[in-house]
Structure formats: structure tokens, C-alpha cells
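If you want the building blocks of each chain, they are given just below.
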Amino acid sequence: MEALVVRRLGDPTLAPGGEASPFAAVSGDHPVPEISSPTAVRVRVAATSLNFATFLQVQGKYQERPPLPFVPGSDYSGVVDAVGPGVRGLRPGDRVCSFTGLGSFADFIVAEEKQLFLVPDGCDLVTAGALPVAFGTSHLALVHRAQLKAGQVLLVLGAAGGVGVSAVQIGKVCGAVVIAVARGAEKSEYLKSIGADHVVDSSKDNVVESAKSFLKARGLKGVDVLYDPVGGKLTQDSLKLLSWGAHILVIGFASGDVPVIRANIALVKNWTVHGLYWGSYLIHRPRVLIDSLNELLSWLSKGLIKVQISHCYRLVEAHLAFSALRDRKAVGKVMIVMGPSAVSRL
């Protein structure tokens with residue numbers, strides 16, 4: 001089978017097989033994984049998603065560093081290829097989606113039955129493969145941790161990225177007033193189209209002044225929930241907008257700069273700071289994560305949320321996918337699509 005193998009840590013935007021590339025050349029001779037337990041399922045991968053964590057993982061900058069060589073991976077979708085003798089709820093041909101720490105950048109992957117979710121009728125597999133990590137992160141953050149309520153104000157930084165787009169949509173499902181921050185006219189227009197109540201184009205507008213003007217016009221006191229996958233100066237500025245008792249959701253640091261949230265100010269303002277490492281829920285609170293994804297799949301089937309696919313690439317074009325992620329070209333998710341139907345969308 002074909003697989004993208006990381007042979008050394010390095011820049012994932014370099015074409016596979018090159019002398020400086022972290023990836024070995026993509027070939028069809030990687031071994032097909034065997035079903036490893038009675039309750040295991042082998043899935044023929046249809047699509048797998050790029051997340052910023054994957055970008056960091058290939059560079060060796062993520063908090064978890066697997067031994068070399070390894071096949072990277074995150075959320076994915078596909079069709080059940082074979083099942084172990086103890087599998088009861090799935091059969092070959094079923095359409096499923098899931099997530100993994102490693103291994104989905106390949107034609108086949110093996111997972112336990114309990115880790116797989118049936119894809120609802122009417123939902124295509126590329127869309128399903130983009131759902132778990134981005135939407136799962138935002139759902140757990142906003143619904144489970146911050147307990148976002150109707151009428152509250154949600155400020156989403158980096159709102160045009162994978163997790164940002166999901167946070168805007170989930171915020172609207174919860175009935176929140178959503179302020180979205182992104183760079184560029186195209187991204188701003190897209191965020192308006194998915195329901196953001198106010199969009200700040202940070203390439204030309206002052207985030208604090210623009211948001212304050214909107215809040216004043218609406219008769220709102222401030223931001224109740226800050227959703228932050230960016231970090232850096234944008235976070236520091238956004239703290240000026242927070243209400244007493246606000247929730248701060250620390251999602252990531254796409255800017256490369258970890259912000260400082262002063263404890264004395266958090267005390268006076270009664271702020272709650274939530275760190276959100278979505279993948280660790282599988283270890284510490286698996287039921288919460290499973291229930292969250294099932295609710296998201298239900299929302300997807302009802303049309304309450306929509307997964308925006310920005311770019312699709314073939315496995316041999318993985319370096320181009322990573323480049324799109326690095327250069328912030330994406331409005332929504334960047335995907336690797338397996339098989340002959342894969343296309344590039346720029």
C-alpha cells in the first residue's frame with residue numbers, strides 16, 4: 001500500500017524523496033497493517049486531515065514525539081475493509097470516520113471498533129474525514145468546558161482556520177453572538193456567510209477598537225468566551241475585551257508565541273483559563289469525547305454545521321498540503337484524499 005513515511009524530522013513542505021525532505025518517496029510497497037485483535041477493524045482510508053499539530057509533529061516540535069520512522073496521521077474517514085472475529089457493530093463496506101495519533105497518511109489503517117464512528121447518510125467521506133479533530137476540539141472547548149450559552153459573546157481568533165471555522169459554527173448553534181477575527185477580505189466574507197455576527201479583518205482593522213464598537217452598538221458589556229488558537233500579541237490585545245467572569249480557551253499557538261495571562265488580573269476579573277488538549281480526552285475522559293463526536297455527527301446530518309474543505313491533495317502532494325497550511329492559504333480544512341479520485345484545489 002502507499003504511505004507517507006517520516007524518515008527524519010524536518011520541513012514538511014519539502015517534496016517526498018528529496019535529500020532534505022523528512023519524507024521517504026511515496027511508493028506502493030509499504031506493508032498493509034494486519035488486524036491486531038479480535039475487536040480490531042481495518043479501514044481503507046478515503047481522506048485524512050491536516051492539522052497544525054501534524055505540521056509540528058513532522059518537525060519534532062509537538063508535545064508527543066514518536067520514534068522514527070513513522071506514518072503521521074490525525075482524523076480520517078474511509079470504508080471498512082475487514083473486521084476481527086469479535087467485531088459486532090461494523091461490517092465490510094460500512095463508511096466510518098475516526099482519529100489517530102499516527103498512521104492515517106496511508107491506504108489502510110487498523111483501529112479498535114469502539115474508536116470508529118459511522119458516517120451519516122448524505123455525508124461524503126472527505127467531509128467526514130475533516131470533522132473529528134477540528135470540530136471535536138471546538139465542541140469540547142465551547143460546550144463542555146466553557147459551557148457557552150445563548151446570548152453570550154464569543155470571540156474567535158484565527159477564525160478562518162480549521163478549528164476557527166468550527167468554533168464560529170458551533171458558537172452559532174449554541175445561540176452565541178460571535179465576533180470572528182481573520183486576515184483578508186476573502187476570509188472575512190466567508191466568515192460572514194457562515195453566520196459570524198461581526199468580522200474583524202486584522203490585516204486592516206484594529207481588533208480591539210473594531211470589537212468595542214460592535215459591542216457598544218449592540219449594547220453588550222464585553223466578551224464572555226475567548227477562543228484562542230493563535231496566541232501572541234493578538235491574545236494580549238483580546239484580553240482587553242473580556243468581561244468579568246469570562247472564560248479563556250487556550251487551543252494553540254499558531255503565531256509561534258505563547259502569551260502570558262497574568263494571574264493577578266485573572267483573579268480580579270474572575271476569569272477562568274481552560275487548557276484544551278483534545279486528544280488527551282481519549283485517555284482521561286473517553287466517554288465525554290465519544291458523546292461529543294456523536295453529537296457533532298448528528299448536527300452534521302441535520303445540517304446544523306457544515307465542514308468547509310479548502311484544499312485537497314494526493315498523498316504524493318503532501319508537501320503542497322503542508323505549504324497551504326503554513327502559508328495560511330486555507331479557509332477551512334486541508335485534506336489528503338487517497339486513490340485515483342484525489343484532486344488539488346488551489
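Residues numbered from 1 in each chain as written. Predicted model: local features only at pLDDT ≥ 70, side-chain atom pairs only at ≥ 80, totals over all residues. Heavy atoms only, no water.

K.L.:
Explain the packing of aromatic side chains to me, using residue names and the numbers behind them.
P.N.:
Enumeration according to the criterion identifies six aromatic pairs in this entry. When the centroid spacing of 6.0 Å and the interplanar angle of 25 degrees are considered together, the rings of Phe23 and Phe322 count as stacked. Of the two residues, Phe23 sits in the segment before β1 (40-50) while Phe322 sits in helix α11 (residues 318-326), which places them 299 residues apart along the sequence. Residue Phe23 is classed as buried on the basis of its relative accessible area, which comes to 0%. Their ring planes at 5 degrees and their centres at 6.0 Å tell us that Phe52 and Phe55 sit as a pair that is stacked. Note that Phe52 and Phe55 are positioned in helix α1 (residues 52-59) at a spacing of three residues, about one turn of the helix. (Phe/Tyr/Trp six-rings, centres within 6.5 Å; stacked < 30°, edge-to-face > 60°. Helix = DSSP H or I, 4+ residues; strand = E, 2+ residues; numbered from the N terminus. Buried < 20%, exposed > 50% of the residue type's maximum accessible area, 1.4 Å probe, protein only.)

K.L.:
Lay out the sheet that holds strand β11 (residues 272-275) with the relevant residues and their values.
P.N.:
If you trace the six strands from one edge of the open sheet to the other, you get β8-β7-β6-β9-β10-β11, paired in parallel fashion. Both outer strands of the open sheet, β8 (198-201) and β11, are each paired with one neighbouring strand and no more. Direction aside, the axes of adjacent strands within the sheet are offset by 15 degrees on average. The sheet contact formed by strand β7 (residues 177-182) and β8 spans four bridges and is parallel. What sits directly across from Ala182, in β8, is Asp201. Helix α3 (residues 132-145) contacts β6 (153-156), β9 (223-228), β10 (242-250) and β11 of the sheet and is inclined by roughly 155 degrees relative to β9. Along the sheet, helix α5 (residues 185-193) makes contact with β7 and β8, crossing β8 at roughly 170 degrees. (Pairing = 2+ DSSP bridges. Axes fitted to C-alpha atoms, helices over the stretch in contact; angles between N-to-C directions. Contact = heavy atoms within 4.5 Å.)

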